[in-house]
Every structure is written in C-alpha cells, then in structure tokens.
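Structural characterization, general
Read off the chains here:
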Amino acid sequence: MSSTWSTENQQRAEEVLGKYPEKRSAVMPLLYIAALEHGYVSNDAMREVAELTGLTSAQVQSVASFYTMYYREPVGKYVVSVCTSISCYLRGADDVLAAIEEEAGVLDGETTPDGLISVEHVECSGACGGAPAVSVNWELIEGLEPDKARDLIKWLREAKPEVVFGDEMQLLFGGRPSFDWGPKEIEGAIAPLPAFSPYGTAKGEKR
Amino acid sequence: MTDKILLSRMEAHPADSNTIARYLDTGGYTALRKALSKMEPADVAAEVKASNIRGRGGASFPTGVKWGFLPPDTRPRYLVINGDESEPGTFKDRMLLERDPHQLVEGIIVSAYALDVHQAFVYIRGEYPKPARRLQRAIDEAYEAGYLGDDILGSGFDLDVTVHLGGGAYICGEETALLSSLEGRRGEPRIKPPFPAIEGLYAKPTIVNNVETISNVPWIINNGGATYAAIGPETSSGTRVMSLSGHVNKPGDYEVVAGLTWRDLIYDIGGGILDDRELKAWVPGGASAPWFVPAEHLDTPVTIDDIAKQGSMIGSGAVIVMNDSTNVVGAAHRLVRFFSHESCGQCTPCREGTTWLERILARILDGYGRPEDIGLLLDVSDNISPGLRWPPAMTTICPLGPSATAPVVSMMRYFRDEVEAMIPGGHGEVADGR
C-alpha cells in the first residue's frame, strides 16, 4: 500500500477500488489520483498504482503510455490544450494555437520556465459546434478567438487561480458555444487532470 | 406525434433540466415505475426491439437485435454505456450528459432491468469531466431517491452504476477497445467474434450501447416501441441528434426526424454557409465518413439507408461543412492526422498506412508534393482498404485504418484537380489511372 500518499488520496484510492469487480479496472482512475499526489505520472506513481492493483510496474506503464492524458513528465500548473482537429481547424484553430504559443512564449508541447503554463495541441475536444475550442486543465472554453486566447494566457499568469472553472473562463474569454450550457457548473479543476470528484480533482465553488 | 424526444426538457427548462426535481416534474422515472411494476424484462426488451431504434454511436446496428445476442445463461452480465464520444465533429453525447443526465440514468436502469444486468458502467472520455460530474450527480440523486442500489422501488431488482473516465484515446469508442480499457488495459480493439454479447467485459456477456441510444429508452417505454417506430422513415425510425459544425452560420446539436434533405439541414437548420460563400463539400457522418458534394447530394434525403446507398454513412450524426475557402488537402490532412494519431498500432496497414498518408499530405500542403504522390496516396489507401469502396474492405481488426482512407479517396474523387494544382509539375498524367 502506498503509505506515502496523503490520507485523503489513500481514501480516494480505496473508494475507486471498491467500484469495480476486478482491481485491475481501477488502473486508470488510480493513475489520475497518483498524478494528483505526485504532480504527474512519475515512475513512483506507476509503481504505487501497480502495488494497489496487483499488477507489475510494466503493466501499469503500458497502460499509462497508451493514453494522452497521463503526463509522464512534469507539466505546468495549467495545461492549455488547443483543439486543432477538423472542425476547429476550419474555424481558425491554428491561429489560436499560434497566439497562445506567442503569448506564453513557448511552443506546442513545452512548459514555461516558471512551470506555470504548458501548451499542447490536442485532437478533437468534442466542442466542434463552438469551434475553436481550448481547455485549461480540461475545463472548456468555446469560441475562443486569437485575441481572447492571448487574454486568457495573461489572466492565468496574473490571476493564478487555484481552481479553474469552465463557466468563468467561458464568460471572460469565450464566444459562441456548441449549445446552451444551462445552469452554472459548481465544480472546477485543481490540477491538470479531469476534475471529477471521485478522483479527487474537482473542487466546489467558493462563492 | 412528437418531433422532439431527447432535447425537449433542456429546451423547455434550460436553467435546471439536469436536476432530479425538474426531471420528476416533467414525467421523469415514469418509465422506470411502469417497467418495474407492470412489465416483465422480456416485455421491455420487446418494446425496444419494436422501436427499431438503431445505435447512435456510429454503426447504426439495431439495438433490439444486439440485445438479443445475450446468451441465456446465469453468468454475471454487464451493460456498458459508451460515452467516449471522440469522432471529430461529434458533440451530442456531451450535451445529453450535461443537460439531461437523468434521461440517460433512467434509460440505463430500464435497460439493465430488461437485460438482467446488475452492474452498469458509463465510460466517458477523459476530456469530458463536466459531463461526467453532471452524470455522477444525477446518479447520486437517483441512489438517494431509491432508483438505484438494492431493491429498486421495492421490486427486488438491484443495480449499481459506475462512471469511468477514459485517458484520451479515440479508439476506446470502438466497443471492444472500450472494454479492454475498462478492464485496465491498453485500449486495443479485440478480434470479433467473440462479440461482446457473448464474451465482453471480464469475458462475461456484455451489451455496449451509446449514450444517445439509451437516452431514448424512457420515451420508448412510456410511449411504446411501435409509436417510436412510426416516427420517420421505416429504417431510420425515431429522432436523432445531428451535430453541425464547420462553415455553417448556426453550428450546434439539432434533433431531427430522418428524411429531410441535406439542403434542409445545412441551409435551413444550419443557417446557411459561413461568410455567404458557396458550399464546397461536407462530411455527412463524422470524420470517418466519405464526403458529399452539393452537385450530387444536396437534395437527397438524410436517412441511414439513403446515405449508405450513396457510399457514405450517417455514423455518429456529425455533419462537418466546408465552404469554398477550404483547401481540400488541408482538410484531408487534418482528418488523416487524427486517425494517424489515434491508431492503436496493433495492425500494420493502419499503423503504417495512416502515418504515410499523413506525411504525403503534409508535404503536398507544404509545397513539396511530387507528381507521383497522387498515385501514391491512392496506392497506400488501397493497401489499407483494398478496392477503396464503402463500406470499406477490412485488413485490420477494427475500422479505424480503413476510415482514414475516406477523406483521401473523397478528396481525389471530387477535387483531384485542386490536389494536382498544389503539386509542382503535377498536372501531367500519373501512372495510377484511378
């Protein structure tokens, strides 16, 4: 058992393990929790997930390396993911990526020297109707034009929010969404992981 | 006769369509009460079969027929809901999960009752944390209300539902890859047969259905399968949510009855072409589908069968519109790059073929195309999927690789002169005559 993990993350791991008939199925959720513990999916993180699931480190590594969302190198506090697939491409996504690269001062796949912002292009984000789309720690912004994309980067750099909320960023920087978003969302992301409560990465709004 | 099934609640009650209070207030969980108190599981399955609903994930397979493949044995069995929505152009399941999650939860419970399933999973792509949170809250509310857990509404029927997030891999939308992923493995498709209904999750009988498909189940049980079957053309019954994106004035998710024309969809519903330009081409059913062009297809009907007869597919219902400002090589490159990135790497024709298609298109785009690239693109495509026909011939475990040839072949069929014009010295005869 990964006794080095925070009590909170150990409890999350127990909860996740209880949700599946076979422990191996918990590998992906546990990798997210391990990333929360370590800041990224380090070799230690993968070893610990192996212990928890009764697998070998190599088996866990084979899973982690298959998917794009398990960062096996340190990433910034904010991962800015620019969708450049077909619908966003048709609506100018390449200009959005270029604007973000320029404003952040790093290229696609890089992290700013202060460790604050990583920039990456991603394949289809499922926001095609609100193209071009960008997400910060997987919290979505739709209809983000290049100028507003620069503003987003400046805002992240200056405000350094502890929790990022999609709704807040959409209001500040976004444009036309794929569909009416409906009621205000009450949870946001505290790390570059999908903010989903059972994995311990979501946080309710303070207001 | 209704024209809206899935989106009516979110359109009438935009502020709280995701809550259990609003769901109950608008007829929610009546199908569950009806099924558990008045119907045998086989009756529920019979209504779904009678509805003729076909899967909304991409393959358009009849849901009732799929359910019928479950073997009559006593092994544990699972229902897995596919919410891995990752096909470029598609964003309908995201809306259904965020805006009306109880509709899906009720559909899951009723379907599980019909299938004698006591553990269901909803696999949601990792990039969709908000849809997952909305669904999880709905599930928590359903447990509190006694619609999930043990002895649901005193019927003796038990069901647990677990939400599982993916890690960023399009291929996990393929049902056997999804099951591999849910088992904690690399998301690699498996050879079929055995089909999941016989040997699925943990090698147990498993039904995998799309989010939109199962969201229809409460309406079908409330109103009867025959009523659903009567909506729209015979082999495209019911409504479906089409995702419009690209160069249209009003992109979005629209619930339509099949049988309208592409002109209706793109010009009336989609509000016409962006920047008042001419329509050049569109992808009728997600990135995998061969393109349509106005001269041949604009006034043809949008039904599963009509699209198939014309050599493409309705797929996930994602329509990507391109106006005449579109560089077709750029568009094809972007589509092929997606498949190249998402190839799981198991099968050589897909792993190598998509990589080379991407590289060749990239060099044409960069101005370094060679005259022989025209033939080479078709030759590589033909190696991935011999005959270049649709539905594609398969050299691979799953259809990802063959799908990657669709944009290349479409580009060559309709816009070959534009491709040749981008290649220095490319207007001459080429060895491959296709």
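Along each chain, residue indices are assigned from 1 in the same order as the chain's sequence is written. Note on labels: chains are lettered from A, ligands numbered from 1, in written order. Thresholds applied to this predicted model are a pLDDT of at least 70 for local features of residues and 80 or more for the giving and counting of side-chain atom pairs; totals over whole chains, interfaces and linings are not thresholded and use all residues. Hydrogens and waters are ignored; side-chain quantities use all the structure's heavy atoms.

Here we look at the domain arrangement of chain B
Residues and elements named next belong to chain B.
- Note that the domain bounds reflect an automated or database-derived domain assignment. The domain architecture assigned to chain B consists of domain 1 (8-229), domain 2 (234-323) and domain 3 (328-421).
- Put simply, the middle of domain 1 and the middle of domain 3, counted by C-alpha atoms, are 34 Å apart.
- Contact between two residues is taken to exist if any of their heavy atoms lie within 4.5 Å; hydrogens are not considered. Listed per partner, the contact involves 11 residues of domain 1 and eight residues of domain 3.
- Throughout, the accessible surface (probe 1.4 Å) given up by two parts as they are put together, summed over both, is called the buried area. Per-residue buried area on domain 1 facing domain 3 is highest for Tyr-170, Ile-171 and Pro-189; these three make up 52% of the total on that side.
- Put simply, a salt bridge is a Lys or Arg side-chain nitrogen that is within 4 Å of an Asp or Glu carboxyl oxygen. Our count for the domain 1 to domain 3 interface comes out at zero salt bridges.
- Counted as a polar contact is a pair of N or O atoms within 3.5 Å, where, for protein atoms, one must be capable of donating a hydrogen and the other of accepting one, and residues adjacent in sequence contribute only when both atoms are in side chains. Where domain 1 touches domain 3, the interface holds two residue pairs in polar contact (both at pLDDT 80 or more).
- Here the nonpolar group is Ala, Val, Leu, Ile, Met, Phe, Trp, Tyr, Cys and Pro; Asp, Glu, Lys and Arg are the charged ones; every other residue, Gly included, is treated as polar. Grouping the constituent residues of the side of domain 1 that touches domain 3 by class yields six nonpolar, two polar and three charged.

Side note on the packing of helix α6 (residues 92-99) of chain B against helix α8 (residues 129-144) of chain B
Residue and element names in this part refer to chain B.
- Across the interface, α6 lies against α8 with an axial gap of 7 Å and an inter-helix angle of 35 degrees. Classified by chirality, the crossing of α8 by α6 is left-handed. Note on element contacts: α8 touches α6 through Lys-130, Pro-131, Arg-134 and Leu-135, opposite Arg-94, Leu-97 and Glu-98.
- Residues that form the contact of α6 with α8 fall into these classes: three nonpolar, no polar and four charged. Here, axes are lines fitted to C-alpha atoms. For helices the fit covers the stretch in contact, and angles between N-to-C directions go from 0 to 180 degrees. Secondary structure is summarised from DSSP: a helix means a run of H or I of at least four residues, a strand means a run of E of at least two, and numbering begins at the N terminus for each. Throughout, a crossing is termed right-handed when the near helix is turned clockwise from the far one, and left-handed when it is turned anticlockwise from it by less than a right angle.

So, the packing of aromatic side chains
All names here are of chain B.
- Two rings from Phe, Tyr or Trp (for Trp, the six-membered ring) form a pair when their centres sit within 6.5 Å of each other. Planes less than 30 degrees apart are called stacked, planes more than 60 degrees apart edge-to-face, and all others tilted. Inspection of the entire model under this criterion finds 21 aromatic pairs over all chains.
- For the pair Tyr-23 and Tyr-29, a centre-to-centre distance of 5.1 Å together with 80 degrees between the ring planes defines the contact as edge-to-face.
- Ring geometry for Tyr-29 against Tyr-147: centres 4.1 Å apart, planes inclined by 15 degrees, an arrangement best described as stacked. Here the residue Tyr-29 occupies a position in the loop between α2 (20-25) and α3 (30-38), and Tyr-147 occupies one in the loop between α8 and β3 (160-165), the gap between them amounting to 118 residues. Like Tyr-29, the residue Tyr-147 is buried in the burial classification.
- Charge over a ring is defined by NZ of Lys or CZ of Arg lying within 6 Å of the ring centre and within 35 degrees of the ring normal. Sitting over the face of the ring of Phe-415, Lys-280 holds its NZ or CZ atom 5.4 Å from the ring centroid. For every residue, the accessible area (1.4 Å probe, protein chains only) is compared with the maximum for its type, and the residue is labelled buried under 20%, exposed over 50%, or partly exposed between those bounds.

A few points about a nonpolar patch on the surface
All names here are of chain B.
- What makes a patch is a set of residues exposed beyond 30% relative accessible area and free of salt bridges, joined within 9 Å when like-charged and within 5 Å when nonpolar (Val, Leu, Ile, Met, Phe, Trp, Tyr). Using a 1.4 Å probe, the Shrake-Rupley method yields the accessible areas, and only the shown protein chains count as cover for residues. On the surface, Phe-61, Val-65 and Phe-69 cluster together into a nonpolar patch covering about 250 Å² of accessible area.
- Positionally, Val-65 belongs in helix α5 (residues 63-68).
- By relative accessible area, Val-65 is classed as partly exposed at 32%.

Let's talk about the interface of chain B and chain A
- Each partner contributes residues to the interface: chain B has 71 residues there, and chain A has 56 residues.
- Summed over both partners, the interface of chain B with chain A comes to about 5100 Å²; 54% of that surface belongs to carbon and sulfur atoms.
- At the boundary of chain B and chain A, one finds nine salt bridges.
- Here Glu-123 of chain A ties to Arg-337 of chain B by a salt bridge, and the two come within 3.7 Å at their closest N and O atoms.
- The interface formed by chain B and chain A contains 34 residue pairs in polar contact (both at pLDDT 80 or more).

Observations concerning the layout of surface pockets
- A volume near 660 Å³ is recorded for the second largest pocket.
- Lining residues are those with an atom within 4 Å of a point, where the points come from a 1 Å grid over the protein atoms alone and group into cavities, where a 1.4 Å probe fits but cannot get out, or pockets, open sets with protein on both sides within 12 Å along at least five of seven lines. Along the walls of the second largest pocket sit 43 residues, with Thr-68, Tyr-71, Glu-120, Val-122 and Trp-138 of chain A positioned nearest its centre.
- Sorting the residues of the lining of the second largest pocket by element identifies β2 (117-122), β4 (139-141) and α8 (166-173) of chain A together with α6, α8 and α16 (328-342) of chain B as the ones contributing at least two each.
- When grouped by side-chain class, the residues that make up the lining of the second largest pocket number 17 nonpolar, 11 polar and 15 charged. Grid points are joined across faces, edges and corners, and a volume is the space filled by probe spheres set on the points.

With respect to the pattern of salt bridges
- Per the counting criterion, the structure on display carries 40 salt bridges over all chains.
- As a salt-bridge pair, Asp-44 of chain A and Arg-47 of chain A come within 2.6 Å of each other at their nearest N and O atoms. Here the residue Asp-44 of chain A and the residue Arg-47 of chain A both occupy positions in helix α3 (residues 43-53), the gap between them amounting to three residues, near one helical turn.
- The salt bridge partner of Lys-192 of chain B is Glu-174 of chain B, with a shortest N-O separation of 3.7 Å. One end of the pair, Lys-192 of chain B, is in the loop between α9 (175-182) and β4 (206-210); the other, Glu-174 of chain B, is in the loop between β3 and α9, with 18 residues separating them in the sequence.
- Of the residues examined, Glu-174 of chain B reaches a relative accessible area of 14% and is grouped as buried.

So, the sheet that holds strand β3 (residues 134-136) of chain A
Residue and element names in this part refer to chain A.
- Read across the sheet, four strands follow the order β2-β1-β3-β4 without closing on themselves; strand pairing throughout is mixed. The sheet is open, and its two edges are formed by β2 and β4, each paired on a single side. Ignoring strand direction, the axes of neighbouring strands in this sheet form an average angle of 25 degrees.
- Two strands are counted as paired when DSSP detects at least two bridges linking them. Of the pairings in the sheet, the one linking strand β1 (residues 78-83) to β2 comprises six bridges and is parallel in character. Directly across from Val-80, in β2, lies its bridge partner Val-119.
- The strands touched by α8 within the sheet are β3 and β4, with β4 carrying the most contacts at an inclination of about 20 degrees.

Notes on unusual backbone geometry
- Omega for the bond connecting Ala-131 of chain A with Pro-132 of chain A falls within 30 degrees of zero, at 0 degrees, which places this linkage in the cis form.
- One can find Pro-132 of chain A in the loop between β2 and β3.
- Pro-193 of chain B connects to Pro-194 of chain B through a cis peptide bond whose omega is 0 degrees.
- As for its position among the elements, Pro-194 of chain B is in the loop between α9 and β4.
- Unusually for a residue other than glycine, Trp-138 of chain A sits at a positive phi of about 70 degrees.
- Relative to the assigned elements, Trp-138 of chain A resides in the loop between β3 and β4.
- Within the chain, Ser-60 of chain B stands out as a residue other than glycine whose phi angle is a positive 55 degrees.
- Mapped onto the elements of the fold, Ser-60 of chain B is located in the loop between α4 (41-50) and α5.
- With relative accessibility at 6%, the residue Ser-60 of chain B sits in the buried group.

Section: the nonpolar core
- Among the nonpolar cores identified, the biggest contains 164 residues, and Leu-31 of chain A together with Ile-108, Ile-109, Leu-159, Trp-291 and Met-411 of chain B are the most heavily contacted of them.
- Sequence-distant contacts of Leu-159 of chain B, defined by excluding residues within four places in its chain, comprise Ile-108, Ile-109, Ala-112, Val-117, His-118, Gln-119, Ala-120, Tyr-143, Leu-148, Gly-149 and Ile-152 of chain B.
- By size, the runner-up hydrophobic cluster in this structure holds 26 residues, among which are Tyr-78, Val-134, Leu-144 and Ala-202 of chain A. Remark: nonpolar core denotes a set of buried residues (Ala, Val, Leu, Ile, Met, Phe, Trp, Tyr, Cys) joined through side-chain atoms within 4.5 Å.

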